[in-house]
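# Notes for the structure review
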Amino acid sequence: MTSDWDGVRLHIVTGKGGTGKTTVAAALAMSLATEGKRVLLAEVEGRQGISGVLDVPRLGEDEVQVATGPGGGQVMGLAVDPKAALLEYLQMFYKLGMAGGMLERFGVVDFATTVAPGLRDVLLIGKVYEAVRRRPGRRGVRQDQVYDAVVLDAPPTGRVGQFLAVNQAMSGLAKVGPVKNQADSINDLLQSDQTAVHLVTLLEEMPVQETVDAVAELRSLPLPLGAVVINQERTPPADEHARNLLAANDFDTAPLADDLGELGLRVGPTLVGGLVQTGRDLVDRLDLEQQERETIAGLGLPTYHLPLLADGLDAGGLLQLATSLADQEAQV
Amino acid sequence: MTAVLDVDQLLADDSVHTIVCCGSGGVGKTTTAAAVAIRAAEQGRTVAVLTIDPARRLAQALGLEHLDNEPAPVESIDSSAGGSLDAMMLDMKRTFDEVVLRHADPGKAQQILENPFYQAVSSSFAGTQEYMAMERLGQLHAEQRDGRARWDLIVVDTPPSRSALDFLDAPKRLGSFLDGRFIRLMMSPAKAGGRAYLKVVSVGVNSVTAVMSKILGGQFLKDAQTFVAALDTMFGGFRERAEQTYALLGDASTAFLVVATPERDALREASYFAGRLGEEGMPLAGLVVNRVQRTHVPSLKEARAEVAAEAADELPARRGKGWQPGDTASLLRLHADLAATAARHEAAIGRFTAAHPTIPQVLVGAAAHDVNDIAQLREIGDELAG
């Protein structure tokens, strides 16, 4: 996929809770970190999800290396904190110094980052925006903090539209002034072809439904959609021949029982009946998955597939996902 | 030996009037809440279920095309035991509007409702949903019919949030915001009219206000001030109610069900939450683990199934188009995969049990389909009851 997204500098990853959004964001960041490249993986919900998935210490405002891509590039991690982002923002644009501390003392920082509507999101994305816009040689920019791409582990599908609709959030409030200008610049980046919003889903009813809803919402904003990543996909161990036989009402279990006997297993109704039921469950599930696949295909977006890792997620598993993602060509 | 959660015993206890289902996002809280509510109603209790963000199918399963802020009877339950079930979905904004209308005088109420800050806070402030869920819970408990409480059990689903703890923290957060220094600061120019106030404060206020309007634009600050001034009237009301509902959660008439899936993250979240409930002295009834993988042949372990599958590949093929040893091998591999997942789930749950040996738990199996009707919710209820 590495070449599928040339020109995209900000990858926003969302998905229904429980679909593996953070895992996919991490795998994506690793797959983009080809030789000599540096990728920033950022989270904004104070969840420390990156730290959990990559098994590294808790992240803070410092950008630290969290992984190495299969191609040898660096993945840096950042947990954006709205308070720190606000103070940094004030410092950068207003050279506030003392006043910054005063704002904190008077509870303004709390107010701005928790209650002032939309401001929190503008601050969070604002930090990501700043990271995307860094260029080598600019004043105050450290060479090791210039990125070829930024991957944002965004809020889940239910909230992502609101999160990314920076302009709508601010329109009723700050109509003029620097925050409004900042929101405008962020919005320009978000709507440009340098951004792609990817959606992670499982082949299950609810996640697919949420994906469909989110696609409609993102299109209406409008924000540039990237790919749908189908996560935890399982290759059916039983082929079509076996599945057709199993699905039939008059399935003859005798040959199966014979085989099991040959293999030295204790043949009884639990074993034979249980295995047949296991096969039939699979047939049912594959039918459902097929329906979900068709719904996803109807979205007209490129898709990628990530396998279910039987052993759960560990460092090796994540690398496996990153490699798989890097090697795939999008299916359109 | 793990303590087993006896849901039926919980439902039969008529001193329990509130059951709160909490857990991190995507673990099946709403489904659990609906299943528990149906079971309670069919055992004869007068139940209301307050859902937060039900999937369309779940709303339909309850026989309600449009769940809204007012409880509507679920007709399709079995009421032979004398119980009933009403279902509703939290409308956060409407609940908030009603609070404003109740606590502020009419002129002010309108002013608040039209303020852009209010509109944003009431519809999107992280925490409003939790606060309003509690507010609505308080309202439901206060509702009377024929001289007594309209419902004797209210089952509450909690808002989708990254952390189950948000549900406990959010109301406090809203309260501390309303009580915050900045709010008082913004109030002060209005309040200080005609009064002499300390110069020091004035200097502080002026420079903070100046910085704020420089950054945010004058209108932003003006709107914020109007909002805060308007809210001031309702201050007492808000804080008091937040404290009341919080106290209700610590009451013996409330039971928490912590919901999780057998995954590391969800169980870790459940573990935090259980610890926190303990600290706050809040009554935890038990842990519900949804989507636990089970196999149809529990005695056949993964490794044995793998070995057998390898051997099956070596068996001679049969003539004809029927069942082949290769097919047997694939069934064994399929079983081995499921057995591996089942073992992983068991281990994850085992870690929770080791950390919290006294918390009763109940496991609900993974289903192939999403819930589509009441019968399926009833089956989940059966599983919950063991």
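Just so it is clear, the model here is predicted, and its values are computed rather than measured.

## Observations concerning the overall build of chain B
Each helix and strand in chain B was counted, giving 16 helices and ten strands. Counting every position in chain B, which comprises 386 residues, the buried fraction comes to 53%. By sequence separation, contacts in chain B at least 24 residues apart represent 78% of the contacts at least 6 residues apart. Accessible surface, chain B: about 16,800 Å² in total, of which carbon and sulfur atoms supply 52%.

## Examining the packing of helix H4 (residues 92-103) of chain B against helix H7 (residues 128-142) of chain B
What describes two packed helices is the angle between their axes and the distance between those same axes. Residue and element names in this part refer to chain B. At a minimum axis separation of 9 Å, H4 and H7 run at an interaxial angle of 65°. The handedness of the crossing between H4 and H7 comes out as left-handed. Residues Met-92, Thr-95, Phe-96, Glu-98, Val-99 and Arg-102 of H4 form the contact with H7, whose own contacting residues are Thr-128, Gln-129, Met-132, Glu-135, Arg-136 and Gln-139.

## Side note on the pattern of salt bridges
In this structure the tally under the stated criterion is 31 salt bridges over all chains. One salt bridge connects Arg-47 of chain A with Asp-153 of chain A, and the closest N-O pair in it is separated by 3.3 Å. With Arg-47 of chain A in the loop between strand S2 (38-43) and helix H2 (49-54) and Asp-153 of chain A in strand S5 (residues 149-153), this pair connects stretches of sequence that are 106 residues apart. Notably, a salt bridge pairs Arg-94 of chain B with Glu-70 of chain B, separated by 3.9 Å at the nearest N-O pair. Separated by 24 residues along the polypeptide, Arg-94 of chain B in helix H4 and Glu-70 of chain B in the loop between helix H3 (56-61) and strand S3 (72-73) bring together distant segments of the chain. The partly exposed category is assigned to Arg-94 of chain B, whose relative accessible area is 33%. Taken together, the shared-partner salt bridges in this structure form one network comprising Lys-21, Glu-45, Arg-47, Asp-153 and Arg-159 of chain A.

## A short note on the domain arrangement of chain B
Residues and elements named next belong to chain B. Examined at the domain level, chain B breaks down into domain 1 (7-168 + 236-296 + 353-384) and domain 2 (302-347). With centres defined by C-alpha atoms, the gap from domain 1 to domain 2 works out at 43 Å. Taken residue by residue, the interface counts six residues in domain 1 and seven residues in domain 2. Carbon and sulfur atoms supply 62% of the area that domain 1 and domain 2 bury against each other, a total of about 550 Å² over both sides.

## A word on the sheet that holds strand S2 (residues 46-51) of chain B
Residues and elements named next belong to chain B. One open sheet accounts for eight strands, arranged S3-S4-S2-S7-S1-S8-S9-S10; its pairing is mixed. Where the open sheet ends on each side, the last strands, each with one partner, are S3 and strand S10 (361-365). In this structure, strand S1 (residues 18-22) lies alongside strand S7 (residues 153-157), joined through four bridges in parallel fashion. The partner of Thr-18 across the bridge, within S7, is Ile-154.

## Describing the sheet that holds strand S7 (residues 225-233) of chain A
Residues and elements named next belong to chain A. If you trace the eight strands from one edge of the open sheet to the other, you get S3-S4-S2-S5-S1-S6-S7-S8, paired in mixed fashion. Of all the strands in the sheet, just strand S3 (64-68) and strand S8 (303-307) have a single pairing partner and so form its edges. Recorded for the sheet is a direction-independent mean angle of 25° between the axes of neighbouring strands. Where strand S6 (residues 195-201) meets S7, four bridges bridge the pair, whose relative direction is parallel. Residue Val-200 lies in a different strand from S7, and its bridge partner there is Val-229.

## A look at the side chain of Glu-205 of chain A
With respect to the element layout, Glu-205 of chain A can be found in helix H10 (residues 205-220). According to the relative accessible area criterion, Glu-205 of chain A is buried, its value standing at 13%. Not counting chain neighbours up to four residues away, the residues in contact with Glu-205 of chain A comprise Leu-288 and Glu-292 of chain A together with Arg-57, Asp-370 and Asn-372 of chain B.

## Re the packing of helix H6 (residues 119-133) of chain A against helix H9 (residues 178-191) of chain A
Residues and elements named next belong to chain A. Running from amino to carboxyl end, H6 crosses H9 at an angle of 60°, the nearest separation of the two axes being 10 Å. Between H6 and H9, the angle is such that the two are oblique. The two elements H6 and H9 cross, and the hand of that crossing is left-handed. On H9, the residues that touch Leu-119, Val-122, Ile-125, Gly-126, Tyr-129 and Val-132 of H6 are Val-179, Gln-182, Ser-185, Ile-186, Leu-189 and Leu-190. When grouped by side-chain class, the residues that make up the contact of H6 with H9 number nine nonpolar, three polar and no charged.

## Quick notes on the packing of aromatic side chains
Considering all chains together, one arrives at two aromatic pairs over all chains under this definition. The interplanar angle of 65° and the centroid separation of 5.1 Å between the aromatic rings of Phe-251 of chain A and Trp-323 of chain B together place this pair among those described as edge-to-face. Of this pair, Phe-251 of chain A sits in the loop between helix H11 (240-247) and helix H12 (254-262) while Trp-323 of chain B is found in the loop between helix H14 (302-314) and helix H15 (325-355), placing the two residues in two different chains. The burial state of Phe-251 of chain A is the same as that of Trp-323 of chain B; both residues are buried.

Rules used in this analysis
- Residues numbered from 1 in each chain as written.
- Chains lettered and ligands numbered in written order.
- Predicted model: local features only at pLDDT ≥ 70, side-chain atom pairs only at ≥ 80, totals over all residues.
- Heavy atoms only, no water.
- Helix = DSSP H or I, 4+ residues; strand = E, 2+ residues; numbered from the N terminus.
- Buried < 20%, exposed > 50% of the residue type's maximum accessible area, 1.4 Å probe, protein only.
- Contact = heavy atoms within 4.5 Å.
- Areas by Shrake-Rupley, 256 points an atom, 1.4 Å probe, with all protein chains shown as cover.
- Axes fitted to C-alpha atoms, helices over the stretch in contact; angles between N-to-C directions.
- Left-handed = near helix turned anticlockwise from the far one by under 90°.
- Salt bridge = Lys/Arg side-chain N within 4 Å of Asp/Glu carboxyl O.
- Domains from an automatic or database assignment.
- Buried area = accessible area lost by both parts, 1.4 Å probe.
- Pairing = 2+ DSSP bridges.
- Parallel < 35°, antiparallel > 145°, perpendicular 65-115°, else oblique.
- Nonpolar A, V, L, I, M, F, W, Y, C, P; charged D, E, K, R; others polar.
- Phe/Tyr/Trp six-rings, centres within 6.5 Å; stacked < 30°, edge-to-face > 60°.

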